[in-house]
Amino acid sequence: MTAVTAGRLGHPNLGLGVGLRSVHFDHILRTQPDVDWFEIISENYVDSGGRPRYVLQQLAERYPIVMHGVSLSIGSTDPLDFEYLKKLKVLAREVNARWISDHLCWTGVLGRNTHDLLPVPFTEQTLRHVVERLRIVQDVLERPFVLENPSSYVTFTRSTMEEHELISRMAEDADCGLLLDVNNVYVSSFNHDLDPEAFIRALPHERIVQFHLAGHTNYVTHLIDTHDGHVIDPVWDLYRLAHELTGGVSTLLEWDARIPPFPVLHDEVLKAKRFMGERLAPGSEKDDKDDRDSKDGREDLLSAGGSLVPHPLHHIPPEVE
Amino acid sequence: MKPHATPSLDAVQQWFQAVVTHPGGVAEGAADEAAQRLIRLDRGELETIVRRSRRLTAEERLSIYANAYWARLLECIGDCFPVLRTALGEDVFDGFAFEYLQRYPSRSYTLDRLGERFPQFLDETRPSPELGWPDFLIDLARLEWTVAKVFDGPGVEGRKLLTHDDLQGLPPERFAGSRLAPVVCLRLLAFRYPVNAYYTAVRHAAEGEEVPIPAPAEELVAILRRDFVVRRYTLSRPQHALLESVVAGASVAEAIAAAAAVSDLDALSDDALAAALQAWFRFWTAEGFFQSLESRRRPI
């Protein structure tokens with residue numbers, strides 16, 4: 001086992017949390033489940049003047065809240081959106097967000113937003129650009145900030161380093177925390193023919209503040225980060241490795257499509273406990289393989305529309321009488 | 001530029017966006033002038049920019065982003081206008097939304113604004129004139145967008161609102177000269193088709209049950225939010241005129257005059273008129289239409 005350095009940049013281990021989704025509002029308010037903490041999608045609340053924000057305020061009185069965004073676009077060459085940052089800051093203060101996170105990606109340029117987490121080339125230019133912007137973001141937010149490795153589906157020929165090198169140097173230079181999405185490591189590594197364990201081993205573990213877990217869809221030729229199902233065994237194995245290397249950090253399950261009843265979600269993240277202790281006997285206490293294999297996705301790719309798309313952002317349907 | 005030169009981060013991002021958001025797909029996107037201006041590629045040269053994997057070509061890998069872009073945003077637009085999507089059917093709706101996203105791509109950090117110009121777009125393009133009901137589509141889109149905005153916009157939950165008792169104690173002449181402050185979430189809409197009734201019918205329809213498109217008819221509606229739930233009220237023409245005047249800042253007397261101007265209200269006897277107005281204000285205050293009342297002396 002690798003030596004564990006003083007971890008998490010001094011931030012607390014909040015335990016096992018789940019992503020707050022509006023379909024569970026009533027259940028959570030009614031039953032006050034024994035969940036360690038909640039993560040919100042920041043964009044669903046920063047502008048809310050209605051029930052979503054009201055529910056969040058109530059939950060923030062009882063549970064630790066972490067804000068997870070999808071629109072910072074830290075890698076974009078467009079200017080930072082200071083109106084958005086200001087709103088993040090206001091909401092973070094309101095709910096006492098333990099930290100704020102987003103992704104190492106860009107979402108659009110020339111004023112447009114694709115609402116996707118688009119990949120950056122891994123170059124010195126990207127590194128300088130992202131670090132400079134991270135410093136500004138942290139100065140504005142005045143709250144701990146952590147950045148997540150996204151799932152990606154392409155790499156660029158002009159990249160001059162591996163993703164883990166860019167992330168590691170970025171975190172050191174900008175002095176920020178990392179959100180290690182274990183499922184994203186698995187998805188990207190499969191898509192780019194890389195070794196997910198090597199990726200996790202290469203990171204600065206003392207800077208990892210949070211883990212994400214999620215399900216994905218296997219299209220045989222590639223994986224897509226759909227957040228629509230159970231965490232598969234190989235991802236749990238990576239989680240166990242990450243847990244050993246970091247000494248354990250706040251862990252959160254994301255489930256964003258085909259969302260099951262809340263207890264299913266909660267049970268899923270509680271499985272993480274099995275991977276925190278001593279190494280388990282091979283094959284014991286594991287779930288059946290649940291990697292939802294699709295038919296070969298190749299023939300779908302060049303035609304319009306896939307059946308499932310990654311959903312970084314949610315629509316909260318209105319309640320109407 | 002030729003691919004052997006190293007494009008800047010800015011050029012790569014502009015190129016990538018042009019390619020994966022092109023309505024014709026990745027190959028057309030890469031061949032389009034917008035992308036070629038940034039990175040000049042001959043056919044088959046995509047892999048000088050994006051690596052292939054063991055299983056997929058560069059074009060196939062880029063197509064994951066291209067497919068996701070359109071699929072995600074079409075789904076989001078549909079979620080913003082669920083009743084309109086039901087009315088049109090998914091394919092026809094997606095056709096309109098596909099055109100809309102090309103004309104008005106998202107420029108906001110939030111998807112909540114994605115459908116902001118969709119009613120306007122429908123008005124500009126007047127789709128389906130052969131079906132004779134573009135006004136129906138436009139009105140229904142306006143209704144659904146208003147419902148969404150009222151649901152998550154500013155509200156008055158937890159605040160004291162004007163009650164009927166507050167009005168009861170006022171001398172009639174003082175009430176007539178007063179101005180009513182509507183709640184911040186009150187919206188008044190005038191439709192050319194009864195889309196509010198249609199909206200209700202679709203929501204209450206059994207699965208698979210088709211709700212017929214209604215014939216044109218004026219429908220006037222008030223929308224507000226109470227206890228975090230959006231409420232809808234059908235209004236008569238004088239009620240709508242009265243409330244519109246109130247929202248515009250007129251005094252109660254001026255608002256009543258506006259209502260009379262669009263109806264035969266002033267043909268009523270004084271007692272009948274007073275009874276009608278009292279019933280309206282009793283209902284509106286009970287439903288939380290007004291925040292407060294400003295008389296010449298002091299706000300209530």
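Draft legend 1. Up close: the sheet that holds strand β4 (residues 229-235) of chain B. Residue and element names in this part refer to chain B. Strand order across the open sheet formed by three strands is β2-β3-β4, with antiparallel pairing between neighbours. Each edge of the sheet is formed by a strand with only one pairing partner; in this case those strands are β2 (187-191) and β4. Neighbouring strand axes in the sheet, compared pairwise and without regard to direction, differ in orientation by 25° on average. With seven bridges connecting them, strand β3 (residues 219-226) and β4 associate as antiparallel partners. Paired with Ile-223 across the two strands is Arg-232, which belongs to β4. On top of the sheet, helix α12 (residues 237-247) reaches β2, β3 and β4; it is set at about 140° to β2, its chief contact.

Draft legend 2. How the structure looks around the sheet that holds strand β1 (residues 16-19) of chain A. Residue and element names in this part refer to chain A. Reading around the circumference, β1-β2-β3-β4-β5-β6-β7-β10 is the order of the eight strands in this closed barrel, with parallel pairing throughout. The mean angle between the axes of side-by-side strands here comes to 25°, regardless of whether they run parallel or antiparallel. Alignment of strand β5 (residues 145-148) against strand β6 (residues 177-181), held across three bridges, turns out to be parallel. Residue pairing in the sheet places Val-146 in a bridge with Gly-177 of β6. In the packing of helix α3 (residues 82-95) onto the sheet, contacts are made with β2 (37-41), β3 (65-68) and β4 (100-103), and the angle to β3 comes to roughly 170°. Lying on the sheet, helix α4 (residues 124-141) is in contact with β4 and β5; it crosses β5 at an angle near 140°.

Draft legend 3. Looking closely at the packing of aromatic side chains. One pass over the structure, following the stated rule, counts 32 aromatic pairs over all chains. On the basis of an interplanar angle of 55° and a centroid distance of 6.4 Å, the ring pair of Trp-37 of chain A and Trp-99 of chain A is categorised as tilted. Taken together, the residues Trp-37 of chain A in strand β2 and Trp-99 of chain A in the loop between α3 and β4 connect sequence positions 62 residues apart. Plain terms: the ring middles of Phe-136 of chain B and Tyr-193 of chain B are 5.6 Å apart, the flat faces sit at 65° to each other, and that makes the pair edge-to-face. Here the residue Phe-136 of chain B occupies a position in helix α8 (residues 134-152), and Tyr-193 of chain B occupies one in the loop between β2 and α11 (195-204), the gap between them amounting to 57 residues. By relative accessible area, Phe-136 of chain B is classed as buried at 0%. Residue Tyr-193 of chain B is classed as buried on the basis of its relative accessible area of 8%. In textbook terms, an aromatic cluster arises when at least three aromatic residues are bridged by ring pairs, as seen for Phe-175, Tyr-233, Trp-280, Phe-281, Phe-283, Trp-284, Phe-289 and Phe-290 of chain B. In this structure, Arg-55 of chain B packs its charged tip against the face of Phe-190 of chain A, placed 4.0 Å from the ring centre.

Draft legend 4. Here's a closer look at the nonpolar core. Ranked by internal contacts, the top residues of the largest apolar core, which has 105 residues, are Met-170 and Leu-180 of chain A together with Trp-15, Phe-16 and Leu-62 of chain B. Residue contributions to this core peak at seven residues, all from helix α8 (residues 233-246) of chain A. Apart from residues lying up to four places away in sequence, Met-170 of chain A is in contact with Leu-104, Leu-127, Val-130, Val-131, Leu-134, Leu-147, Asp-175, Cys-176 and Leu-178 of chain A. Ranked by size, the runner-up nonpolar core spans 79 residues in total, among them Val-150, Phe-151, Val-156 and Val-230 of chain B.

Draft legend 5. Just the interface of chain B and chain A, in detail. The interface is formed by 61 residues belonging to chain B together with 73 residues belonging to chain A. Carbon and sulfur atoms supply 56% of the area that chain B and chain A bury against each other, a total of about 6000 Å² over both sides. Scanning the region where chain B abuts chain A turns up five salt bridges. Among the salt bridges present, the one from Glu-321 of chain A reaches Arg-231 of chain B, with a minimum N-O distance of 2.8 Å. It is helix α4 (residues 58-80) of chain B that contributes the most residues to the side of chain B that touches chain A, 16 residues altogether.

Draft legend 6. Molecular detail of the confidence of the model for chain B. Taken over all residues, the pLDDT of chain B has a mean of 93, while the share at 70 or more is 95%. On the interface metric, ipTM, the complex scores 0.90, and its pTM is 0.91.

Draft legend 7. Quick look at the pattern of salt bridges. All chains considered together, the criterion is met by 32 salt bridges over all chains. Between Arg-21 of chain A and Asp-256 of chain A there is a salt bridge; the shortest N-O distance is 2.5 Å. Of this pair, Arg-21 of chain A sits in the loop between β1 and α1 (25-31) while Asp-256 of chain A is found in the loop between β10 (250-253) and α9 (262-270), placing the two residues 235 residues apart along the sequence. Arg-113 of chain B is the partner of Asp-47 of chain A in a salt bridge, and the nearest nitrogen-oxygen pair spans 4.0 Å. Here the residue Asp-47 of chain A occupies a position in the loop between β2 and α2 (51-60), and Arg-113 of chain B occupies one in the loop between α6 (90-103) and α7 (118-125), the pair thus bridging two chains. Overall, Arg-113 of chain B belongs to the partly exposed group, its relative accessible area being 29%. Through salt bridges with shared partners, a single network forms among Asp-47, Glu-83 and Lys-87 of chain A together with Arg-113 of chain B.

Draft legend 8. Region of interest: the environment of Asp-166 of chain B. Residue and element names in this part refer to chain B. Take Asp-166: it is sitting in helix α9 (residues 164-168). C-alpha of Asp-166 to C-alpha of Gly-153: the two residues are 13 residues apart in sequence and 27 Å apart in space. Among the polar contacts made by the side chain of Asp-166, one reaches the main-chain amide nitrogen of Thr-163 at a distance of 2.9 Å.

Draft legend 9. Structural detail: the state of the cysteines. Applying the stated criterion across every chain, the model contains zero disulfides over all chains. Of all cysteine sulfurs in the structure, the one in Cys-176 of chain A sits closest to Cys-105 of chain A, which takes part in no disulfide; the separation is 14 Å.

Draft legend 10. Here's a closer look at the environment of Asn-218 of chain A. Residues and elements named next belong to chain A. Note that Asn-218 resides in strand β8 (residues 217-218). On the accessibility criterion, Asn-218 (12% relative accessible area) is buried. In the structure, Asn-218 is positioned 117 residues away from Ser-101 in sequence and 27 Å away in space, judged by C-alpha atoms. A polar contact is formed between the side chain of Asn-218 and the backbone nitrogen of Val-220, at a distance of 2.6 Å.

Draft legend 11. Here's a closer look at the confidence of the model for chain A. Taken as a whole, chain A shows an average pLDDT of 90; of its residues, 87% reach a score of 70 or greater. Contacts from residues 279-290 of chain A, a stretch scored under 50 in pLDDT, to residues over four places away or in other chains number 18 contacts.

Draft legend 12. Focus on α8 of chain A. All names here are of chain A. An ideal rise of 1.5 Å per residue puts 20 Å on 14 residues; α8 measures up with 20 Å between its terminal C-alpha atoms. In terms of burial, α8 is largely enclosed, as twelve of its 14 residues are buried. Residues of α8 that are buried include every one of Asp-233, Val-235, Trp-236, Leu-238, Tyr-239, Arg-240, Leu-241, Ala-242, His-243, Glu-244, Leu-245 and Thr-246, and no others. Within two residues after α8, Gly-247 carries a phi angle of roughly 85°, on the positive side.

Thresholds, definitions, all that
Residues numbered from 1 in each chain as written. Chains lettered and ligands numbered in written order. Predicted model: local features only at pLDDT ≥ 70, side-chain atom pairs only at ≥ 80, totals over all residues. Heavy atoms only, no water. Pairing = 2+ DSSP bridges. Helix = DSSP H or I, 4+ residues; strand = E, 2+ residues; numbered from the N terminus. Axes fitted to C-alpha atoms, helices over the stretch in contact; angles between N-to-C directions. Contact = heavy atoms within 4.5 Å. Phe/Tyr/Trp six-rings, centres within 6.5 Å; stacked < 30°, edge-to-face > 60°. Buried < 20%, exposed > 50% of the residue type's maximum accessible area, 1.4 Å probe, protein only. Lys NZ or Arg CZ within 6 Å of the ring centre and 35° of its normal. Core = buried A, V, L, I, M, F, W, Y, C linked by side-chain atoms within 4.5 Å. Buried area = accessible area lost by both parts, 1.4 Å probe. Salt bridge = Lys/Arg side-chain N within 4 Å of Asp/Glu carboxyl O. pLDDT = per-residue confidence, 0-100. Polar contact = N/O pair within 3.5 Å; in protein donor to acceptor, adjacent residues only side chain to side chain. Disulfide = S-S within 2.5 Å. Expected span 1.5 Å × (residues − 1).

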